[in-house]
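Now for the letters of each chain:
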Amino acid sequence: MADLRVTLNDGSPIPQLGFGVYHVPPPDTARVVRTALGLGYRHVDTAQGYGNEAQVGEGLRASGVPREDVWITTKLDDGRHGYDEARAALAESLDRLGTDYVDLFLIHRPKGADVETWRAMCALRDEGRVRSIGLSNFSRRGVRELVDATGVVPAVHQIRVNPRTPHRAMQRFHRRRGIVTESWGPLREGRLVAHPTARRVAERVGATPAQVILRWHLQRGLVVFPKSSDPGRLAENLGALDVELSRRDLAAIDRMRRRP
Ligand code: NAD
């Protein structure tokens with residue numbers, strides 16, 4: 001299996017394909033994490049708001065995979081913005097996860113007092129309690145405001161990207177600033193697997209529709225972490241690492257874009 005990584009602007013190599021645990025019920029999460037790590041995933045995307053960080057930690061320990069081999073992203077809960085609150089919230093996440101650092105800590109969404117929150121994230125990174133810091137669901141203006149106030153450019157910006165809504169202007173902005181784009185909802189919450197283009201390309205390259213959509217994200221330089229609780233689908237999605245799309249295939253998927 002290929003080990004694709006993207007180097008962030010702080011030098012950290014993030015595994016380009018992971019799995020997300022949004023809407024994975026806490027009683028199922030440890031099993032899903034253990035299964036995914038057993039299959040070969042090395043990147044899990046959770047959040048304080050998902051209510052399953054403790055079970056992510058449990059699954060990691062049960063897997064037997066060393067902590068340092070797994071990339072863990074979590075996100076600041078909406079109710080915990082502000083300098084002191086953000087720091088306290090991270091400490092609670094570390095307790096729940098049972099680890100002394102997270103690889104990536106994101107502000108889940110903008111909330112007003114973002115500069116102070118961003119200063120807290122910078123301090124947590126300087127102290128080594130988080131390795132990389134980033135944002136999610138911000139506008140370009142919101143990102144610029146934080147960079148201008150602190151001089152610290154986020155390592156990633158996690159936004160909803162899929163071939164139907166690729167947010168090309170935002171992706172160009174990220175490239176100019178050295179920010180890696182993470183795609184949430186990469187399969188459009190599962191709906192793209194039924195799209196005729198995804199099915200046609202899949203047939204042409206001998207893969208599944210989910211694999212070709214995920215491969216489009218990978219070949220476009222995006223970091224991606226589809227969600228599934230099903231072992232078969234987890235394995236299928238991981239198979240995107242070994243699919244190869246030609247320029248023609250990529251262009252066909254680009255044309256799925258919704259006309260503005
Ligand atoms: P997704 O595009 O990953 O779709 C998930 C759905 O697709 C699943 O419910 C499953 O039914 C289906 N699916 C998965 N694999 C499949 C396969 N091989 N074949 C057919 N169907 C399949 O959407 P998502 O779960 O919303 O996003 C992925 C991750 O992104 C989340 O788990 C979470 O970690 C993250 N996320 C972040 C935010 C944010 O605000 N930052 C918001 C939503 C999600």
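What counts, and at which threshold
- Residues numbered from 1 in each chain as written.
- Predicted model: local features only at pLDDT ≥ 70, side-chain atom pairs only at ≥ 80, totals over all residues.
- Near = placed C-beta within 6 Å.
- Nonpolar A, V, L, I, M, F, W, Y, C, P; charged D, E, K, R; others polar.
- Helix = DSSP H or I, 4+ residues; strand = E, 2+ residues; numbered from the N terminus.
- Expected span 1.5 Å × (residues − 1).
- Buried ≥ 20, exposed ≤ 12 C-beta atoms within 10 Å, placed from the backbone.
- Pairing = 2+ DSSP bridges.
- Right-handed = clockwise from strand over helix to strand, strands pointing away.
- Core = buried A, V, L, I, M, F, W, Y, C linked by C-beta atoms within 7 Å.
- Contact = placed C-beta atoms within 7 Å.
- pLDDT = per-residue confidence, 0-100.

If you look the protein up in an unreviewed UniProt entry, it shows as Aldo/keto reductase from Actinomycetospora atypica.

Chemist: It is not clear to me how the site of the ligand should be interpreted in this structure. Could you clarify?
Modeler: Taken together, the neighbourhood of the ligand is formed by 23 residues, with Gly20, Tyr22, Gly190, Ala210 and Lys227 sitting nearest. By residue class, the composition of the shell around the ligand is nine nonpolar, eight polar and six charged.

Chemist: Sorry, what's going on with helix α1 (residues 26-39) here?
Modeler: What sets the pattern is the α-helix's 3.6 residues per turn: residues three or four places apart point alike. In this model α1 runs 20 Å from its N-terminal to its C-terminal C-alpha over 14 residues, within 8% of the 20 Å that 1.5 Å per residue would give. Of all the residues in α1, the buried ones are Thr29, Ala30, Val32, Val33, Ala36 and Leu37. The first or second residue beyond α1 is Gly40, which carries a positive phi of 125°.

Chemist: What is the right way to read the pairing of strand β6 (residues 102-107) from this model?
Modeler: Side-chain positions along a regular strand alternate between the two faces of the sheet. The buried fraction of β6 is high, at six of six residues. As paired elements, strand β5 (residues 71-76) and β6 share four bridges and run parallel to each other. Residue pairing for β6: Thr74 is matched across the bridge by Phe105. Inspection of the sheet shows β6 paired to strand β7 (residues 130-136) by five bridges, in the parallel sense. Each bridged residue has a counterpart across the sheet, and for Leu106 the counterpart in β7 is Gly134. Note on the crossover from β6 through helix α4 (residues 114-126) to β7: the handedness is right-handed.

Chemist: Mind showing me how you'd approach the nonpolar core here?
Modeler: Soluble globular proteins tend to bury their nonpolar side chains together. Of all hydrophobic cores here, the largest spans 69 residues; its most connected members are Val33, Phe105, Met121, Val212 and Ile213. Looking at this core, the element that brings in the most residues is helix α8 (residues 209-219), giving six residues. For Val212, the residues in contact, after removing those within four places along its chain, are Ala198, Val201, Ala202, Val205, Ala207, Val243 and Leu245.

Chemist: Looking at this structure, I do not really get the sheet that holds strand β3 (residues 19-20). What am I missing?
Modeler: The strands that make up a sheet pair up through hydrogen bonds in the backbone, lying either parallel or antiparallel. Pairing is parallel across the open sheet formed by eight strands, whose spatial order is β3-β4-β5-β6-β7-β8-β9-β10. Unpaired on one side and paired on the other, β3 and β10 (223-224) mark the two borders of the sheet.

Chemist: Would you take a moment to explain unusual backbone geometry for this structure?
Modeler: Note: most peptide bonds trans; most residues except glycine with negative phi. Of note in the backbone geometry, Asn137 takes a positive phi value of approximately 65° without being a glycine. Tracing the backbone through its elements, the reader meets Asn137 in the loop between β7 and α5 (140-150). With 16 C-beta atoms counted inside 10 Å, the residue Asn137 sits in the partly exposed group. Of note in the backbone geometry, His167 takes a positive phi value of approximately 50° without being a glycine. Along the chain, His167 falls in the loop between β8 (156-160) and α6 (168-177). His167 gets classed as partly exposed once you count the C-beta atoms within 10 Å, which come to 15.

Chemist: What exactly am I supposed to notice about the confidence of the model for the protein here?
Modeler: Reading predicted coordinates in detail is not appropriate for stretches of low pLDDT. In the predicted model, the protein carries a mean pLDDT of 97, and 99% of its residues have values of at least 70. At the level of chain-chain contacts, confidence expressed as ipTM amounts to 0.98, with global pTM at 0.98.

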